[in-house]
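So you can see what is in the structure, the chains are spelled out below.
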Amino acid sequence: MTTHLEPVTRPHPRHFLDKAMAFQPSKMVLAGLEVGLFDLLAEAPATESVIRERLGLHPRGTGHFLDALAALGMLNRDGDVFSNSQAAEFFLVPTHDEYMGGLLHMANRVMYPAWGRLAEALRTGRPQAATYTGDTMFEQLYENDEKRVDFIGMAEAASKPLIPALIERFDWSDRTLVVELGGCRGNVLAQLVRAHPHLDGTVLDLPQLRPAFDEHMAALGTTGTVRFEGGDFFESIPEAEVMMIGHSLIDWEDAQRRRLLANAFAALKPGGAFLIWDPIIVEGEEGYLRNLVTSLNLQLMTPHGTGYRLQECVEWLTDAGFATVTHLSLGHDVTLVIGHKAP
């Protein structure tokens, strides 16, 4: 009897290597940002020789570096002249509203070296970021001017694309008192209050952020509209009708999350709502893999943080006393979970 075996499809090594060596194109973009390439080309297109002269680059690798960025879609090339692609102009030039350089500068200086020690993190369970020691990460970051600026830039780059959905997809009409936990310098809450002027907003965060908050509110024209309260949300939370926390529950371990949710429930008025938005791991969703990667990043960058699954968040809220829990997508791999307190 003849047995017919199914032919084995041999995986292409190129597809494998593209994933295994993905750090190379990543570092090209981050290096371009670091040396000021995209800022320079935002002023005017330039030839390789002008770019080398203006940025102090060596001739050995610059030409191939620019060509590679063009092949990657970060630059356009017309003969000998390079210019920013539309994507670079949108996301890598500080004057553009969609600028993501705050996040990427942090990725280059802090995340990239830490990811080089992923195997060590997997063996030990310890974070690998070189920006703090011990468990007091936020206090140490906020006390250093450069680290504080980097962290604020990263946090606001992550939250900025979500603000329109937060404004539109929750019913704010019959709410007044809103408290944002860990709201940094108030960028999310300020935009929310601008869109819904009847809201009375307070940011609760560590006292070291007060000067940055005051400066940012003055720049936005929202001084007095949104207030700042210095404190620790693990200790005390002001009363509110709506409480919200974004890109922050992921920074803590389960016991701390449960403690925070218990505090929030106690401070929330009857009939109130607690809004949580994070890159929550939801199997089957488009961002499933990206949010698993984000979880690994948190393990590298924070003393206790990890990603968490949707069903875990629902369980924590239910155990804290919330009567019902709903959720929806905000886009950008972020899920909004809402705990509703009984009237």
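Higher on the page you've got the structure.
None of these values were measured; they are calculated from a predicted model. (Residues numbered from 1 in each chain as written. Predicted model: local features only at pLDDT ≥ 70, side-chain atom pairs only at ≥ 80, totals over all residues. Heavy atoms only, no water.)

Q: Just give me the short version of the sheet that holds strand E10 (residues 334-340), but keep the residues and values in it.
A: Spatially, seven strands are ordered E6-E5-E4-E7-E8-E10-E9 in an open sheet, and the strand pairing comes out mixed. Among the strands making up the open sheet, the edge pair consists of strand E6 (226-230) and strand E9 (324-331). Neighbour-to-neighbour, the strand axes of the sheet open up by a mean angle of 20 degrees, direction not taken into account. (Pairing = 2+ DSSP bridges. Helix = DSSP H or I, 4+ residues; strand = E, 2+ residues; numbered from the N terminus. Axes fitted to C-alpha atoms, helices over the stretch in contact; angles between N-to-C directions.)

Q: Before we move on, can you summarise a nonpolar patch on the surface with the specific residues and values?
A: A cluster of nonpolar residues, Phe-16, Leu-17, Met-21 and Phe-23, forms a patch on the protein surface that exposes about 370 Å² of accessible area. Among the secondary structure elements, Leu-17 is positioned in helix H1 (residues 13-20). (Patch = residues over 30% accessible without salt bridge, like charges linked within 9 Å, V, L, I, M, F, W, Y side chains within 5 Å. Areas by Shrake-Rupley, 256 points an atom, 1.4 Å probe, with all protein chains shown as cover. Salt bridge = Lys/Arg side-chain N within 4 Å of Asp/Glu carboxyl O.)

Q: I'd like a description of the pairing of strand E7 (residues 240-246), backed by residues and values.
A: The element E7 is largely enclosed, with a buried count of seven among its seven residues. Bridging between strand E4 (residues 177-181) and E7 involves three bridges; their strand directions are parallel. Bridge pairing in E7 places Glu-180 opposite Met-244. Looking at chain direction, E7 and strand E8 (residues 268-278) are connected through six bridges and run parallel. Paired with Gly-246 across the two strands is Trp-277, which belongs to E8. One crossover worth recording links E7 to the parallel E8 by way of helix H14 (residues 254-267), and it is right-handed. (Buried < 20%, exposed > 50% of the residue type's maximum accessible area, 1.4 Å probe, protein only. Right-handed = clockwise from strand over helix to strand, strands pointing away.)

Q: Quick rundown of the pattern of salt bridges? Include the residues and the values.
A: Under the counting rule described, the total for this entry stands at 15 salt bridges. Of the charged contacts, one joins Asp-80 and Arg-77 as a salt bridge, the two residues approaching to 3.7 Å between their closest N and O atoms. Across the pair Asp-319 and Arg-258 runs a salt bridge whose closest N-O atoms are separated by 3.0 Å. With Asp-319 in helix H16 (residues 310-320) and Arg-258 in helix H14, this residue pair connects regions lying 61 residues apart in the sequence.

Q: Mind laying out the packing of aromatic side chains, listing which residues take part and the relevant values?
A: Think of a pair of aromatic rings as described by two things: how far the centres are apart, and how the planes are tilted against each other in angle. A full pass over the atoms with the stated rule returns nine aromatic pairs. Plain terms: the ring middles of Phe-265 and Phe-322 are 5.0 Å apart, the flat faces sit at 80 degrees to each other, and that makes the pair edge-to-face. Taken as a pair, Phe-265 in helix H14 and Phe-322 in the loop between H16 and E9 lie far apart in primary sequence, 57 residues in all. Feature note: the residues Phe-233, Phe-234 and Trp-252 constitute an aromatic cluster, connected by ring pairs. One residue, Lys-27, lies across the ring of Tyr-112, its end atom 4.6 Å from the ring centre. The ring centre of Phe-265 lies 4.4 Å from the NZ or CZ of Lys-341, which sits over that ring. (Phe/Tyr/Trp six-rings, centres within 6.5 Å; stacked < 30°, edge-to-face > 60°. Lys NZ or Arg CZ within 6 Å of the ring centre and 35° of its normal.)

Q: Could you give an account of the pairing of E6, naming the residues involved and the relevant values?
A: Sheet topology places strand E5 (residues 200-205) next to E6; five bridges connect them, and they run parallel. Within the sheet, the bridge partner assigned to Val-203 lies in E6 and is Phe-228. For the crossover from E5 across helix H13 (residues 210-220) to E6, the handedness is right-handed.

Q: I'd like a rundown of the environment of Phe-322, residues and numbers included.
A: Given the relative accessible area of 3%, Phe-322 is considered buried. Distance in space between the C-alpha atoms of Phe-322 and Ile-280 is 19 Å, their sequence separation being 42 residues. Not counting residues within four places of it along the chain, the set of residues in contact with Phe-322 comprises Leu-261, Phe-265, Leu-268, Phe-274, Leu-317, Gly-339, His-340 and Lys-341. (Contact = heavy atoms within 4.5 Å.)

Q: So what's going on with unusual backbone geometry? Residues and values would help.
A: At Cys-184, a residue that is not glycine, the phi angle is positive and equals roughly 60 degrees. Structurally, Cys-184 is set in the loop between E4 and helix H12 (187-195). The phi dihedral of Asp-333 falls on the positive side, at around 65 degrees, and the residue is not glycine. Within the fold, Asp-333 resides in the loop between E9 and E10.

Note that all results are geometric; they support no functional claim without further evidence.
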